[in-house]
Amino acid sequence: MEIFKMINLKVILLTGLRIFCDLIADLITFVYDKKRGIDHLSPITDKIILESVTKLADKIRKGELKAVDVMEAFCRRIELCEPKVNSVTENRFEAAMKEAQELDHKLQQERVSGDHILMDLPLIGIPFAAKDCMAVKGMRLTAGFVPRKDAIQDEDCPSIANLRKAGAIPVVMTNVPELAFWYDSSNMLHGRTRNPHDLTRIPGGSSGGIGAIVSYAGAPFGLGSDIAGSIRLPSHFCGIFGHMTTPRVCEAKGNWPPFSEECMRMLSQGPMCKYSCDLIPILKCLLGTGVSMFPKLDDTVDLQNLKITCIESDGGSFTTPVHPKIKEAIRKIPELFSTNHGTKAQLIPYLPHMDEAFDIYMHKINELPNILHSVKMANFEGEKNPYIEFVKKMFGASTHTLPMITVSMIEWMLASSKGKKSELTELFEQFKAKVLSLLEDNGVVILPAFPEPAINHYTTILKVKNAAYCSLFSLLECPITVAPIGMTDDGLPFGVQIVAARFNDHLSIAVARELETFFGGWKAPSLICV
């Protein structure tokens, strides 16, 4: 009885704290006037930037478009939108234009000679955005960290190299949170990236710069990375498609900052783009020789024999309630698949222990060997005391962001319990067993990526537990696709996570394609005048 009372007291206190934090966040959001992209961003006036990756590559291949014209169109769009959005940390416009010109010249020679060396490259002439924690030759890799402001790279990381081999051309580096670890993209080196749909809202993180630039049509696609939601959250907040590839396949060499080997098991990379039809073509190029590990990637998915489980919530009392519009859209999905394809689809209210998602995730990460962020903050030269940094921050004397200082303080607090047995491990095993039983080899699980659409820039610490909708699923090391499924009355997009079993990336992507048909997919944050 005494234990029961203690549990109830904990629930009451945590629920009260969550409600208080939500009220503060709502007040902050109320104070800041909305700045909708449709009112503040330049309209889209060029059809080129509305084309899919596959269509652009096909038109360049056939000579219907020149690579240089495609490059010019996207560079022009970036120049128009960046003063408001600030998603780009560095551009290589001049070098990219030169590469596009050379490509056009060589393609013309191939048309005359009949050769098909460059002609057959799947991403021929396609500009793309890289994330500022991946090495691109000749560009700075800063991870939003002040001491790395001059860290120019000598070579491409393997993923960038694979995309180049497929004919794609990197055009910009995009912003991330400090040390690429938070679900907003703001740092002391490059400043704050804004959501194109509402400039007062976050684009997500850590691949937030890519989410923003793809959303406003400044790049046909971008290459993101994800260890706790870093592809999925920006895709949800910015209203685009994002795919977290089955982890442990894409080579992580050339990524900074480093993680421990055990944490790297969860690290994934993947494409972020406006249209679902581009996910598999880009993914195949990204994987390089690793594509052999995905023998079903080109298979036609039999949607009738797919098992779909939808969860409209529930992060429990400790997270913000799922937005009514998100719930409403998720509730439609089983009927849509059942009616259109005869799919066995069900809606269930929750998964076991999702209400403990944040605590489970933090416990599991704490149990792994890892590099503390207080060490990374010191640029691997000793260790910084986050409590001292917090005091300095209050007086404007710290070069670190408040979220990074907060993360470091949490890690220090958790360090004291490291190695202790916890019932949270058992809760995770029960959660994992339930999800894997739903997936098997022909199932997907669909659930919110975050309980709300994009939140205000200054509220992320107040709502950090909401990120556990993504982070808990990272522990499963499964592929996850995010697809946009609607807009709120305020014009903010939202999406869902589509989870499949390991190496069943083709299933989650196939479902994303159907959801695009059902709900309409990407919506431009500005007017389209073409």
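Everything here concerns the structure above.
Remember, it's a predicted structure, so these values are computed and weren't measured experimentally.

1. Quick notes on the layout of surface pockets
At step 1: Size it by volume and the largest pocket reaches roughly 780 Å³.
At step 2: In this structure, the largest pocket is lined by 44 residues; those nearest its centre are F181, A228, Y361, H373 and V407.
At step 3: When the residues that make up the lining of the largest pocket are grouped by side-chain class, the tally is 29 nonpolar, ten polar and five charged.
At step 4: Taken as a whole, the second largest pocket spans an internal volume of roughly 290 Å³.
At step 5: If you trace the second largest pocket, you find 19 residues lining it, with R192, L402, P403, H457 and T460 closest to the centre.
At step 6: Counting residues per element, the lining of the second largest pocket draws most heavily on helix α15 (residues 402–415), which supplies three residues.
At step 7: Grouping the amino acids of the lining of the second largest pocket by side-chain chemistry returns ten nonpolar, five polar and four charged.

2. Considering the packing of helix α14 (residues 386–394) against α15
At step 1: Packing of α14 against α15 brings their axes to within 9 Å, and their N-to-C directions diverge by 155°. The orientation of α14 relative to α15 falls into the category roughly antiparallel. Crossing geometry of α14 relative to α15 is assigned as left-handed. On the side of α14, the interface is formed by P386, Y387, E389, F390, K393 and M394, while α15 contributes L402, I405, S408, M409, W412 and M413.
At step 2: A class-by-class count of the residues in the contact of α14 with α15 yields nine nonpolar, one polar and two charged.

The rules behind each value
- Residues numbered from 1 in each chain as written.
- Predicted model: local features only at pLDDT ≥ 70, side-chain atom pairs only at ≥ 80, totals over all residues.
- Heavy atoms only, no water.
- 1 Å grid on protein atoms, 1.4 Å probe; cavity = no way out; pocket = protein on both sides within 12 Å on 5 of 7 lines; lining within 4 Å.
- Points joined across faces, edges and corners; volume = space filled by probe spheres on them.
- Nonpolar A, V, L, I, M, F, W, Y, C, P; charged D, E, K, R; others polar.
- Helix = DSSP H or I, 4+ residues; strand = E, 2+ residues; numbered from the N terminus.
- Axes fitted to C-alpha atoms, helices over the stretch in contact; angles between N-to-C directions.
- Parallel < 35°, antiparallel > 145°, perpendicular 65-115°, else oblique.
- Left-handed = near helix turned anticlockwise from the far one by under 90°.
- Contact = heavy atoms within 4.5 Å.

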